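# Fold and contact review
Now for the letters of each chain:
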Protein chains: 2
Amino acid sequence: MQSPRPRVTMTDVARAAGVSPMTVSYTYNRPRRVSPETREKVLDAAASLGYAGPDPSARSLRYGATRTLGLVLGEHLTYAFDDPQAVQFLAGIAEVCAERGYGVLIVPTGTGDEDPDRVIAAAVDAYVVWTTTDDDPVLAAAFSTRRPVVVHGGPERAGATMIGIDNRTAARAVGAEVFAGAGRPAVLSFPVDRDRETFVRSGLDPATIAYPVTRDRLAGYRDAAIELGIDWSRVPVGVCRTNDAGEARSMMRRLFDADPGIDAVAAMSDQLAAAAQEEGVRRVSGWDDSDVARRHDLTTVAQSLRDQGAACATAALGGSAPDHREAWRLVRRASTR
Amino acid sequence: MQSPRPRVTMTDVARAAGVSPMTVSYTYNRPRRVSPETREKVLDAAASLGYAGPDPSARSLRYGATRTLGLVLGEHLTYAFDDPQAVQFLAGIAEVCAERGYGVLIVPTGTGDEDPDRVIAAAVDAYVVWTTTDDDPVLAAAFSTRRPVVVHGGPERAGATMIGIDNRTAARAVGAEVFAGAGRPAVLSFPVDRDRETFVRSGLDPATIAYPVTRDRLAGYRDAAIELGIDWSRVPVGVCRTNDAGEARSMMRRLFDADPGIDAVAAMSDQLAAAAQEEGVRRVSGWDDSDVARRHDLTTVAQSLRDQGAACATAALGGSAPDHREAWRLVRRASTR
DNA sequence: CTGTTAGCGCCTTCAC
DNA sequence: GTGAAGGCGCTAACAG
């Protein structure tokens, strides 16, 4: 731990300037309330003592607010920074916060047991929590502080704002595209719980999935399959650990091992879809409409994580943010023709 | 501003549990120093009052440290989040901080005049400043707080750690590759100062550039040109505003307007190099060895911004970080053959 | 194992 | 235009 620095306080400056501490405080906070001569005296004293201005922690204590928004990015910070969508989300948050003069504190999660404590110990006025599972203890920790909490993607909680698109409806729409006319459809999915195991299971039940976003997407794919008369119990779902192309390709090979006839894949990201395409699947759909989707001409679901980040920040800081449930768009491209 | 929430304090909990505030404090900070029965009494009282644990600001004030690292990302947060290298840098910082239980506070800069004040008012133990100009007032603000400052890329300052590769030597090496055998070489550069104007100037003098990183790279390109017997005063330098492909392509067209014979371009990023290539330049070099470089088969300078971020965080938090001056590698690919 | 005392550095309130 | 008192919520140091 950083050891305390030797500090120069307002009292020191006051003494050096021959005024009271209050005058120093005013000099920094209400400069116009102090006469020009006094102000100059104070600033001179401050400069010669190396006083850098009011101590931020003391100020926060006094004000009862920190002007900082806490951002909880989930167990593995690495996954977040490697995910272009998460980065856009962060950009949206940072933009709103910068406008309003709020700092963004990335809460140091990632070590497991200590995570809830670290959330609780963060000096912030509100939290934004990046999409997670229903049972994430970190979420509980954020709520226990009684500060405002905004959750991106889910889970939903009474008393917390949830921001995100209607994943189920969007998945049904893109599923209808990719599964149309397919003989043997399959799904490339994100993890089902925080253990992030990889596996293949036909007819995977969405209700068993701990991540609301993943659950809703899978349910939407199933809706689409059922509407097309496809027997969901025979649709293999390959669950990947991360949003990584290499891993997705080997998962795709596992799917082919199980059923060499697979001819359509609904994937939960553009990266996964591109990997399936590279393994030889003709009909694929992605998610997010990223650069990859454009390069691979993928049918996909467009959404702006940046807008959603901005909305989360706005809501967390007490503004009213627009509903994003319908803020998605089906983008039809060659990959489903 | 977030208005103060109604608070439950240790004193409240102490009263409810029939103990002194110190016992409550111990219960949270040295649980083993408190008897199990007392601990339970205290936690029960806390739960029933909705007490969420010690107030972080009060704790910071008392400890004299915040366990938070301040990150200053420059005038335009947008540029930082749109730059994959900056994101990797952030990832490296976040990783080290998470390991050590430090939060990463993105200081809300970007509005101009207020930026220095916001840096000063940030409740952090140390700063990491993303590459900037010699005269950036935000840097001065960080130093004025007397907290440790680590600067990435530059400028160098007495009393501050600087982490980054030797850009000049690296630029000379890659310049030697791309300019070899070129009849009319040119350069695609990053901005020369924080105004970020775009322009073309032949023989642009590196000494006039306010960003040390850009200055060193240009100087290295010039070194390479001179060694090859090229007259630097006739080498056009196109200065781009951001690291954006669209802008780079139009800058490349401006360079062609000035000199249609341009047959080699040294670019300060892979994105800019790819844009030059797409505009028809046969011989190009990039910088960073990103995905783009691999896709476009670009000769480039490989470096790990992630490692550099980690090193900055380590140094800022009081560890000793390895020197990164030689942590780069020339990657030769088809774009200079 | 628990309690008392004494501030950390600041700013609201109220006086002058 | 300036100052004195008091307390924000917490914990180090020292009893007992």
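Refer to the structure printed above.
First, a word on what this report is: a plain description of the structure on this page. Since we're looking at a predicted model, the values are computed, not measured.

## Points about unusual backbone geometry
The linkage connecting Gly-154 of chain A with the following residue, Pro-155 of chain A, adopts the cis geometry, with an omega of 0°. Turning to its location among the elements, Pro-155 of chain A is positioned in the loop between β4 (149–152) and β5 (161–163). Although it is not a glycine, Arg-146 of chain A sits at a positive phi angle of roughly 65°. Inspection of the secondary structure assignment puts Arg-146 of chain A in the loop between α8 (137–144) and β4. Phi is positive for Asp-288 of chain B, close to 115°, though the residue is something other than glycine. The topology assignment puts Asp-288 of chain B in the loop between β10 (283–285) and α13 (291–295).

## Comments concerning the relation of the copies chain A and chain B
Copies of the same chain, two in number, are related to each other by a rotation about an axis and a translation along it. Mapping chain A onto chain B leaves a residual RMSD of 0.1 Å; the transformation is a rotation of 180° accompanied by 0.0 Å of translation along its axis. What the rotation and shift describe, once combined, is the action of a two-fold rotation axis. Residue Leu-105 of chain A, judged by its C-alpha, is the member of chain A lying nearest the rotation axis, at 2.1 Å.

## Side note on the nonpolar core
Core analysis: the largest hydrophobic core is formed by 62 residues, its most contacted members being Phe-81 of chain A together with Phe-81 of chain B. Excluding residues that lie within four positions of it along the chain, Phe-81 of chain B makes contacts with Val-87, Gln-88, Leu-90, Ala-91 and Ala-94 of chain A together with Leu-73, Val-87, Leu-90 and Ile-106 of chain B. One finds Ile-165, Leu-188, Phe-256 and Ala-276 of chain B within the second-largest nonpolar core, a separate group that totals 47 residues.

## Examining helix α8 (residues 137–144) of chain B
Residues and elements named next belong to chain B. Looking at α8, one finds that the buried residues are Val-138, Leu-139, Ala-141 and Ala-142. Within α8, the buried residues cover an arc of 160° as seen down the axis, which keeps them to one side. The inward-facing, buried residues of α8 contact β1 (68–72), α7 (115–120), β3 (126–129) and β4 (149–152). Measuring from the backbone nitrogen of Val-138 back to the side-chain oxygen at the start of α8 gives 3.0 Å, which picks out Asp-136 as the cap. Taken from the residues just after α8, Arg-146 is the one with a positive phi, measuring 65°.

The rules we used
Residues numbered from 1 in each chain as written. Chains lettered and ligands numbered in written order. Predicted model: local features only at pLDDT ≥ 70, side-chain atom pairs only at ≥ 80, totals over all residues. Heavy atoms only, no water. Helix = DSSP H or I, 4+ residues; strand = E, 2+ residues; numbered from the N terminus. Least-squares fit on C-alpha atoms with pLDDT ≥ 70 in both. Core = buried A, V, L, I, M, F, W, Y, C linked by side-chain atoms within 4.5 Å. Buried < 20%, exposed > 50% of the residue type's maximum accessible area, 1.4 Å probe, protein only. Contact = heavy atoms within 4.5 Å. Arc of directions from axis to C-beta. Polar contact = N/O pair within 3.5 Å; in protein donor to acceptor, adjacent residues only side chain to side chain.

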